[in-house]
Every structure is written in structure tokens, then in C-alpha cells.
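# Summary of the model geometry
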Amino acid sequence: MSELVIETRGLNHYFGQQKVVDNLSLKVQKGSIYGFLGPNGAGKTTSIKILLNLLKSQKDTVYLFGKEINSNRIKSLKRLGALVEQPAIYAHLSGKENLINRCILLSINKRKADEMLALVGLTEAADKKAGKYSLGMKQRLGISLALLSDPELLLLDEPTNGLDPNGIIEIRNLMIELASKHGKTILVSSHLLSEIERIATHVGIINKGKLLFQGTITELHDLSKPTIEIEVSDIDRASEFLKSNGFEVNTIEEKKISLMYKSAEESGKINTLLVQNGFTVSSIYQVRKDLEHLFLDITKNN
Amino acid sequence: MHALLISLKSEFYKSRKTLAFWAAILLPLLICSLIAFGFFSQSARMSKVHYPAEALWMMYSGSALSVMGMLILPFYVIFMAFSVNNIEHKNDTWKTLFAQPLNKFSIYAAKYLYAVLLIFICLSLFVLLTYLSGNLLHLLVKGYNFNEVNPLGLLSKVYLKLFLSSLGILSLQFIASLIWSDFLKPMGIGFIGIIAGIITATKGWEYAYLIPYSHPAMVLTATKGKEPQVFFTQEIYSSLVYAAIFFILGYFIVARKSMK
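Residues numbered from 1 in each chain as written. Chains lettered and ligands numbered in written order. Predicted model: local features only at pLDDT ≥ 70, side-chain atom pairs only at ≥ 80, totals over all residues. Heavy atoms only, no water.

The name given to chain B in an unreviewed UniProt entry is ABC transporter permease, with the source organism recorded as Pedobacter frigoris.

### Observations regarding the packing of aromatic side chains
Residues and elements named next belong to chain B. With the rule as written, the count across this model stands at 26 aromatic pairs over all chains. Each ring, one from W57 and one from F146, has its centre 4.7 Å from the other, and the planes form 70°; the classification is edge-to-face. Of this pair, W57 sits in helix α4 (residues 53-91) while F146 sits in the loop between α6 (104-140) and α7 (152-179), and the two are 89 residues apart along the sequence. Ring geometry for Y108 and F247: centres 5.1 Å apart, planes at 25°, overall stacked. (Phe/Tyr/Trp six-rings, centres within 6.5 Å; stacked < 30°, edge-to-face > 60°. Helix = DSSP H or I, 4+ residues; strand = E, 2+ residues; numbered from the N terminus.)

### A word on helix α5 (residues 135-147) of chain A
All names here are of chain A. The end-to-end C-alpha separation of α5 is 18 Å, in line with the 18 Å expected for 13 residues at 1.5 Å each. Burial runs high along α5: 11 of the 13 residues are buried. Within the sequence span of α5, burial applies to G136, M137, Q139, R140, L141, G142, I143, S144, L145, A146 and L147. (Expected span 1.5 Å × (residues − 1). Buried < 20%, exposed > 50% of the residue type's maximum accessible area, 1.4 Å probe, protein only.)

### Concerning the pattern of salt bridges
If you walk through the whole model with that rule in mind, you get 21 salt bridges over all chains. Note that K44 of chain A and E158 of chain A form a salt bridge whose closest N and O atoms lie 3.6 Å from each other. Here the residue K44 of chain A occupies a position in helix α1 (residues 44-51), and E158 of chain A occupies one in the loop between β9 (153-157) and α6 (165-180), the gap between them amounting to 114 residues. The exposure class of K44 of chain A is buried, given its relative accessible area of 4%. The salt bridge involving K96 of chain A is made with D114 of chain A; its shortest N-O contact spans 3.3 Å. Of this pair, K96 of chain A sits in helix α3 (residues 95-106) while D114 of chain A sits in helix α4 (residues 111-119), placing them 18 residues apart in sequence. Put simply, K49 and E85 of chain A together with D92 and K95 of chain B are held in one network by salt bridges that share partners. (Salt bridge = Lys/Arg side-chain N within 4 Å of Asp/Glu carboxyl O.)

### Details of the domain arrangement of chain A
Residues and elements named next belong to chain A. When its domains are assigned, chain A resolves into domain 1 (4-222) and domain 2 (226-301). In this structure, domain 1 and domain 2 have C-alpha centres spaced 39 Å apart. Counting from both sides, the interface comprises 13 residues of domain 1 and, opposite them, eight residues of domain 2. Of the roughly 790 Å² buried at the junction of domain 1 and domain 2 (both faces included), carbon and sulfur atoms supply 80%. On the domain 1 side of the interface with domain 2, the three residues burying the most area are L193, I205 and L212, jointly 47% of the side's total. Between domain 1 and domain 2 we count zero salt bridges in total. Where domain 1 packs against domain 2, one counts zero residue pairs in polar contact (both at pLDDT 80 or more). When contributions to the side of domain 1 that touches domain 2 are tallied by element, the ones reaching two or more residues are α7 (193-199), β11 (202-207), β12 (210-216) and α8 (217-224). Here the side of domain 1 that touches domain 2 gets three residues from one element, more than from any other, and that element is β11. (Domains from an automatic or database assignment. Contact = heavy atoms within 4.5 Å. Buried area = accessible area lost by both parts, 1.4 Å probe. Polar contact = N/O pair within 3.5 Å; in protein donor to acceptor, adjacent residues only side chain to side chain.)

### Here we look at the interface of chain B and chain A
Of the residues lining the interface, 27 residues belong to chain B; the matching set on chain A comes to 27 residues. Contact between chain B and chain A buries roughly 2,600 Å² in total, counting both sides, with carbon and sulfur atoms accounting for 60%. Inspection of the region where chain B meets chain A yields 10 residue pairs in polar contact (both at pLDDT 80 or more). Top element by residues in the side of chain B that touches chain A is helix α1 (residues 2-15) of chain B. It accounts for seven residues. Looking at the side of chain B that touches chain A, its residues break down into nine nonpolar, nine polar and nine charged. (Nonpolar A, V, L, I, M, F, W, Y, C, P; charged D, E, K, R; others polar.)

### Some details on the packing of α3 of chain A against α1 of chain B
The interhelical angle for the contact between α3 of chain A and α1 of chain B, taken along N-to-C directions, is 165°, at an axis separation of 8 Å. Taken together, the axes of α3 of chain A and α1 of chain B are roughly antiparallel relative to one another. Every pair of crossing elements has a handedness; the one defined by α3 of chain A and α1 of chain B is right-handed. Two secondary-structure elements touch here, α3 of chain A through E97, I100, N101, I104 and L105 of chain A and α1 of chain B through I6, S7, K9, S10, Y13 and K14 of chain B. Classifying every residue of the contact of α3 of chain A with α1 of chain B gives five nonpolar, three polar and three charged. (Axes fitted to C-alpha atoms, helices over the stretch in contact; angles between N-to-C directions. Parallel < 35°, antiparallel > 145°, perpendicular 65-115°, else oblique. Left-handed = near helix turned anticlockwise from the far one by under 90°.)

### Observations regarding the confidence of the model for chain A
Mean pLDDT for chain A: 89, with 96% of residues reaching 70 or above. Averaged pLDDT values over the elements of chain A bottom out at 67 in helix α11 (residues 291-301) of chain A and peak at 96 in α3 of chain A. (pLDDT = per-residue confidence, 0-100.)

### Overview of the UniProt feature "transmembrane region" (unreviewed entry) in chain B
All names here are of chain B. The sites that carry the UniProt feature "transmembrane region" (unreviewed entry) are, in the present numbering, residues 20-40, 60-82, 112-132, 158-180, 187-205 and 236-254. This span, residues 158-180, is 96% helix and 0% strand, and a straight line between its end C-alpha atoms measures 33 Å. Annotation note: span residues 187-205, helix share 84%, strand share 0%, distance between end C-alpha atoms 24 Å. (UniProt positions renumbered as here; feature names shortened; annotations may be inferred.)

In C-alpha cells, the structure reads:
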């Protein structure tokens, strides 16, 4: 089994009487991009704050780099970089000054600030006051602050929030590059399944503080059970025809038939069969369940 | 120690372009300039009286001391306590600050120490500027005899007492500004405290030393009156005890500060 960079063991956290993290057992392997998925208010940010020791955890429930966090706070924090909620930026300082301030705190050479600005494409706005940055620029500055110490582990809480499509792609590529080329471990939270699917190697799904699913992206795909929808002429006869050929039809609507997706070859085979037997197929496409439906599925299974 | 020093350095770096930092320099510069200008413009009238050098220095430095000690210093201390904390409240940076691989106590202590340093710089500048401007007046106005006495020793002592007497207020206000992110609550508490402090100190209430806000005013009243030679007076002790207690209490508040 690979080395675990993050491990929580039956972690619970309360805000007053309300249980916001419920028996959470995260396992994040070294070198993975762990997509931490869940709707707003599911407990993602709280969990990340616990990992940063900003919120107290009970003894022996949170382990970073194999060491209990409460007794190894500074050592653990030295090896990670984080972006939590809105990027925490001093608005009266320029982007570069924000980075230099962090260099001071981390005892890093100030030249690293320019390097980071270039990495996130903020070189031209280096001397502009960070308070005047757009949301996307602030987000990128936040990421550069997290990357400044060249940490082994990155905790990124909704890092693409507020970014335009280009920005999202850039950050996505940056994360992939950091993990694949530089061997970093990344825990990235999001409420968008589509976002996580594109980058993550592993996924954890959290809802109401409970971890409902944890596994590789392939395992998640298996769970998400995609379907194919076929728009075809003479829908009733086509449905009967498919059934008689051994295909399992899920639903029949006014204009389309829905079947379980198995493979691209099989989808092609269905198409050929229908066409060869005189049906007119106007469209055939794969439908993947959205997060909401996936949640329902997973909760049902649990 | 290293964590404390780098945190202190960062505090300076963060605030070097803010009013909080510049106030420490501008406040003494402004007040001393105004008083010097007043003495300069009144020089014809005043030099006729031929005050002895000691009395002249007393009048001259007393002008700054009385406004500063009674009113401006307590307000300045409140403003400092607010500013060093507000920089984190305003930018929502407390969580990032405490997620740095630094000892939490060092981060807190550096903030407190930075406010202490700024007050120290401000009061030191008062001493320096009072001394320099007095000597400048002597050069500009023939009738003034500021050169006959060197007031540096006494001035330093009075301002050092003022400095120490302000630390109780600082610690108390520091806690208020840690808890509340807005300016009104700590300012409101401070305002009431200052009024109570001035009244109790000037009326000579025997338990005035129990109110931190009365300490600077008590220092000034004592300087004018009975025991000018004693350095560690009751209000100084009291201020230092308050400072220590509230400083420690503040750390527990920071350590338990919710990062929800």
C-alpha cells in the first residue's frame, strides 16, 4: 500500500451541538490528486481547517505525513501549502508584497516571489494593489502563496472559484503538472463533479459531514453508472427489438430510449443493429449522472 | 525566538504603508511642530518675561506632555491596539496567519510587541523632537535661553513613565480589538475608560490606580506634584501588572479563537 500523506481516523467535529464532521476517515495517498467533493456546507472547508490545525481535532484522529497533527503542528505545516475559502490577501499590499511578506514568515529568499508571480501569470500585475485584483487574480495569488514554500502537500479549497474558463484550465493544468512532474500530493475540494473528474486520481465524497464514498476515479465511474440515450423512430418497436436482442432497457420516454452504458463498442453495436433493422437513429449519446443523482445513488447504496 | 523575530519583521512589512505606522512618526512631529510654532510666534511677548531656563523648558515640554498624556496617548494606544489586529480582521487573514508553521504564541506576541514598539518610538520621538525644537528655538529667538539647562534626562524619565503607564491600556484594548473586528466597540470601551481615568486621576481618588486608563494621567499629576523623584510609582506597577495579566489572557483568547 502506498504511503498515506493524509489520514483521518474516525474524525468528528462539532460547532456547538451541530455535528459538522461525522466519523470521517480520509486516506490520501502520496502523489495523488484527491478530489474532495461535496455540496456547499457538506463539511469540506471544516475538514481542511482541521487538517491545518486551525480547528482542534481530538488526539490520534488526524495524521499528516504519518504523524499526529496536534503533537507535530509546526513540522506538518512546514510541509504543506494551503488555500482556504477566499484567498487571504492583504488588500493594501501589492501582489508581490503579499508574496514577500509570506517569504519573510517562511524564511524563504524573496526572489521566490517573482518566480511564483510568473508561475501564476501575475508578473505584469505584480506591483498593483492586491485589493484591486479581480477575483480570478486574487485566486491565482492565493495559489501562488500556497505554492511558495514548494510544499509536498497542497490543500486547495475550491481553487477555481471565480475563475474564467481560461483560468480554470490553467489552474487545472497546473495541478496536474504539480502532481505528475513534481510528485506533489494535492487535496482539492469542489462542489462540481465535472471539475474533479478532469483532474483527480482519487475521490472522496462528503455530505452532511459524512464520507459517502472514497476510492479511485475509476471506482467512482463504476458507481456513477452512465447510461446511453438513443433518439430513434418508432420508439416502442425499437425498444422491443433491443429487449429481444438481450439489451436491458432502463426507461422509455416520448422520443428516447435509455439503456445502461457498458462500453463504446457496445454503443456502436446497438446503433448498427438499429440502423440495419430499419430504424432511424437521430442521435445516440452517453449520459453521465450529475452529482446530485450520484449522491442519491451513493446514499442509497450506503 | 526566531519565530518571534520573523513575525515582528512581517508585522513591520505589512504595516509600513499604513497610518498605524506613520502615526508613530507624524503624531510627535505634528504636535511638537505646532508647539514650537506657538513659542516662535509668541517669542516677543515671552522673551520679555525672562523665564529661567528650567521654567521655560517646563512650560515648553509641558505643553506637549499635558495634551499627550491626558488625552492623545490613551487614544493613540487604543488606535494602535486596533490597527495591528484590524489588519488581519479586515483582510480575513487570521486563519492564514495561524496556518503558518510558526508557534502561535510567537505570532500573537509579535503583534503585541509591535504595538509596544510603535508606542515606544512615538514617545521617544516626542523626547527627541521636544529637545531638538527647543534648541532650535534658542537659535532662532535671541530671548530664549533653552541652552542653559539640559532637560533630556528628566524628559526621558517622564516619557518612559508615560510609556510604561500606557501598557495596561494597551493590553486591555488589545484583547478588545482581538475579539471585535469593528472599531466602535473597542473605541467605545476605551472612550469611557479614558473619561473615567481622567476624572479619577485628576480628582485624586485613592483607588484610581485600579483603572488602567487613569495611569498616564496619574503619571502627569505625580510629576507635577509630590514625588517627582520616584520612578516606580503605584500607577506604574499597576500598569505593568495589568499589562502582564491581559497579555496572557489575550493569548488564551487567540489560541481558542474560532476559525469557523
